[in-house]
Amino acid sequence: MDVFLTEWEIEAELTSVPAGELRLTTTNGGSIGHDLVVIKTDLPPGELPAREDGSVDEDSVEVVGRVPTVVPGEFERATLSLTPGPYALVCNIVDVRGGESRSHYQSGMQTAFIVFTGG
Ligand SMILES: [Cu+2]
């Protein structure tokens, strides 16, 4: 499944996939680095537990896997084994510049994703 990452959006090719192995390819169409964290959760993707810096508290959610940070104009890949249920896809990078921090998650880089029971 292709996932397109930009400031400040995650655009997944599909909103649902069958359970099992999923090969993820993230392409960075933005101008700064982005990653992709796959979280199994019943919560809406915008309401995950957050840390003080605005990033998702990965210790308080079920992180199933991730695609490493991809630099602008490049792509990264990861293959995950997914069980049925609702998921959130988030970019969990926080940029710190000149004392100001910006959470990509809080800026909108999150989307819902469903894994359904395969045939
Ligand atoms: Cu990002």
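Residues numbered from 1 in each chain as written. Predicted model: local features only at pLDDT ≥ 70, side-chain atom pairs only at ≥ 80, totals over all residues. Heavy atoms only, no water.

Chemist: Just to check I follow, could you spell out the coordination of the copper ion for this structure?
Modeler: Ideal geometry at a metal centre gives angles of 109.5 degrees when four donors are arranged tetrahedrally and 90 or 180 degrees when six donors are arranged octahedrally. Taken together, the protein ligands of the copper ion are His-34 (ND1), Cys-91 (SG), His-104 (ND1) and Met-109 (SD), with distances of 2.0 to 2.7 Å. Coordination geometry of the copper ion: the four donor atoms subtend angles of 88 to 133° at the metal centre, consistent with an arrangement described as tetrahedral. Read from N- to C-terminus, the donor residues coordinating the copper ion fall into the pattern H-x56-C-x12-H-x4-M. With His-34 in strand β5 (residues 34-40) and Cys-91 in the loop between β8 (85-90) and β9 (94-97), this residue pair connects regions lying 57 residues apart in the sequence. You'll find His-34 and Cys-91 in the same group, each marked buried. (Donors = N, O, S within 2.8 Å, 3.2 Å for Na, K, Ca; no water. Tetrahedral: all angles 85-135°; square planar, octahedral: opposite > 155°, others 65-115°. Helix = DSSP H or I, 4+ residues; strand = E, 2+ residues; numbered from the N terminus. Buried < 20%, exposed > 50% of the residue type's maximum accessible area, 1.4 Å probe, protein only.)

Chemist: When you look at the nonpolar core in this model, what are you seeing that I'm missing?
Modeler: A general feature of soluble globular proteins is that nonpolar side chains tend to end up buried together. Core analysis: the largest hydrophobic core is formed by 21 residues, its most contacted members being Met-1, Leu-24, Leu-36, Leu-82 and Phe-113. Elements that contribute at least two residues to this core include exactly β1 (2-6), β4 (20-28), β5, β6 (62-70), β7 (75-82), β8 and β11 (110-116). The element contributing the most residues to this core is β7, with three residues. For Leu-36, the contacting residues outside a window of four places in its chain are Val-3, Leu-5, Ile-10, Leu-24, Thr-26, Gly-65, Arg-66, Val-67, Leu-89 and Val-90. With eight residues, the next largest nonpolar core counts Val-37, Val-56, Ala-88 and Tyr-105 among its residues. (Core = buried A, V, L, I, M, F, W, Y, C linked by side-chain atoms within 4.5 Å. Contact = heavy atoms within 4.5 Å.)

Chemist: What exactly am I supposed to notice about the side chain of Asn-28 here?
Modeler: In this fold, Asn-28 is placed in strand β4. Only 2.8 Å separates the side chain of Asn-28 from the backbone oxygen of Ile-32, close enough to count as a polar contact. Here the side chain of Asn-28 touches Val-70 through a polar contact of 2.8 Å, landing on its backbone oxygen. (Polar contact = N/O pair within 3.5 Å; in protein donor to acceptor, adjacent residues only side chain to side chain.)

Chemist: Would you explain the side chain of Glu-58 in this entry?
Modeler: Tracing the sequence through the fold places Glu-58 in the loop between β5 and β6. A distance of 2.3 Å separates a polar atom in the side chain of Glu-58 from a polar atom in the side chain of Arg-66. At a separation of 2.8 Å, a polar atom in the side chain of Glu-58 contacts the side chain of Asn-92.

Chemist: When you look at the sheet that holds β6 in this model, what are you seeing that I'm missing?
Modeler: Remark on secondary structure: sheet strands pair via backbone hydrogen bonds, oriented parallel or antiparallel. Across the sheet, which stays open at both edges, the five strands sit in the order β3-β11-β8-β5-β6 with mixed pairing between neighbours. One side of each edge strand has no neighbouring strand; the edge strands of this open sheet are β3 (16-18) and β6. Strand after strand, the sheet turns through a mean of 20° between neighbouring axes, direction not considered. By the bridge criterion, three bridges tie β3 to β11 in an arrangement that is parallel. (Pairing = 2+ DSSP bridges. Axes fitted to C-alpha atoms, helices over the stretch in contact; angles between N-to-C directions.)

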